[in-house]
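For reference, the chains in residue letters:
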Amino acid sequence: MNSKSVAAENSASLEGTWVLNYVSAPGKSVDELYAEKKPEIKFDLKEKRFSGNTSCNSFSGKLNMEDNQINFRDPYVMTKMMCPGEGENVFTETLKKVNSYSISDGNTLNFIGGDIAVMRFTRK
């Protein structure tokens with residue numbers, strides 16, 4: 001399979017909603033950071049958009065991706081409700097570090113910063 005086919009397969013399978021199950025946050029588990037509700041991210045590849053929630057506030061923006069490269073550094077809109085704990089800040093700061101992604105088994109999405117997985121999601 002050539003790299004374009006792999007990229008097409010990856011991007012096609014990125015479509016849909018994903019629920020966070022791991023975030024690189026020393027000393028804190030996802031269950032501790034997001035006791036009430038896990039963050040979600042949804043991709044609409046046709047519209048080149050992403051949206052979701054941080055477990056508290058909703059967000060959406062233009063999707064910046066090519067092949068398996070992806071980033072969330074461009075400004076995106078987010079509601080401004082007061083959120084308890086540090087979960088939202090951990091989510092948004094970690095999202096800024098993402099520069100690529102991989103999908104395994106069609107149901108696990110890894111966001112990679114540099115060469116390590118900084119976030120992991122499960123297909124909803």
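Residues numbered from 1 in each chain as written. Predicted model: local features only at pLDDT ≥ 70, side-chain atom pairs only at ≥ 80, totals over all residues. Heavy atoms only, no water.

Participant: Got a minute to help me understand unusual backbone geometry in this structure?
Facilitator: Of all residues except glycine, most have a negative phi; of all peptide bonds, most are trans. Of note, Asp-67 is a non-glycine position whose phi angle comes to about 55 degrees, a positive value. Tracing the chain through its elements places Asp-67 in the loop between strand 5 (64–66) and strand 6 (69–71). Even without being glycine, Asp-105 reaches a positive phi, approximately 60 degrees. Note that Asp-105 resides in the loop between strand 8 (100–104) and strand 9 (108–113). A relative accessible area of 74% places Asp-105 in the exposed class. (Helix = DSSP H or I, 4+ residues; strand = E, 2+ residues; numbered from the N terminus. Buried < 20%, exposed > 50% of the residue type's maximum accessible area, 1.4 Å probe, protein only.)

Participant: Is there a simple way to explain the side chain of Glu-40 in this structure?
Facilitator: Mapped onto the secondary structure, Glu-40 falls in strand 2 (residues 40–44). With relative accessibility at 18%, the residue Glu-40 sits in the buried group. Excluding its chain neighbours within four sequence positions, the residues that come into contact with Glu-40 are Thr-17, Trp-18, Val-19, Ser-51, Gly-52, Asn-53, Phe-59 and Lys-124. (Contact = heavy atoms within 4.5 Å.)

Participant: Help me understand the environment of Met-78 in this model?
Facilitator: Structurally, Met-78 can be placed in strand 7 (residues 77–78). You can call Met-78 partly exposed: its relative accessible area is 24%. Sequence-wise, Met-78 and Asn-57 are 21 residues apart; in three dimensions their C-alpha atoms are separated by 6.5 Å. Dropping the residues within four chain positions of it, Met-78 is found in contact with Thr-54, Asn-57, Ser-58, Phe-59, Glu-88 and Thr-92.

Participant: How should I be thinking about helix 3 (residues 87–97) in this particular structure?
Facilitator: In an α-helix there are 3.6 residues to a turn, and that puts residues three or four apart on one side. Among all positions of helix 3, only Gly-87, Glu-88, Val-90, Phe-91, Thr-92, Thr-94 and Leu-95 are buried. Contacts from the buried residues of helix 3 go to strand 1 (16–23), helix 2 (30–33), strand 4 (58–62), strand 7, strand 9 and strand 10 (116–123).

Participant: How should the state of the cysteines be read in this particular structure?
Facilitator: Joining two cysteines, a disulfide is a covalent bond between their sulfur atoms. Summed over all chains, the structure comprises one disulfide. Disulfide partner of Cys-56: Cys-83, at an S-S distance of 2.1 Å. Here Cys-56 and Cys-83 share a disulfide; its torsion about the S-S bond, -90 degrees, makes the bridge left-handed. Placement of the pair is Cys-56 in the loop between strand 3 (49–53) and strand 4 and Cys-83 in the loop between strand 7 and helix 3, with a sequence separation of 27 residues. By relative accessible area, which is 21% here, Cys-56 ends up partly exposed. With a relative accessible area of 19%, Cys-83 lands in the buried category. (Disulfide = S-S within 2.5 Å.)

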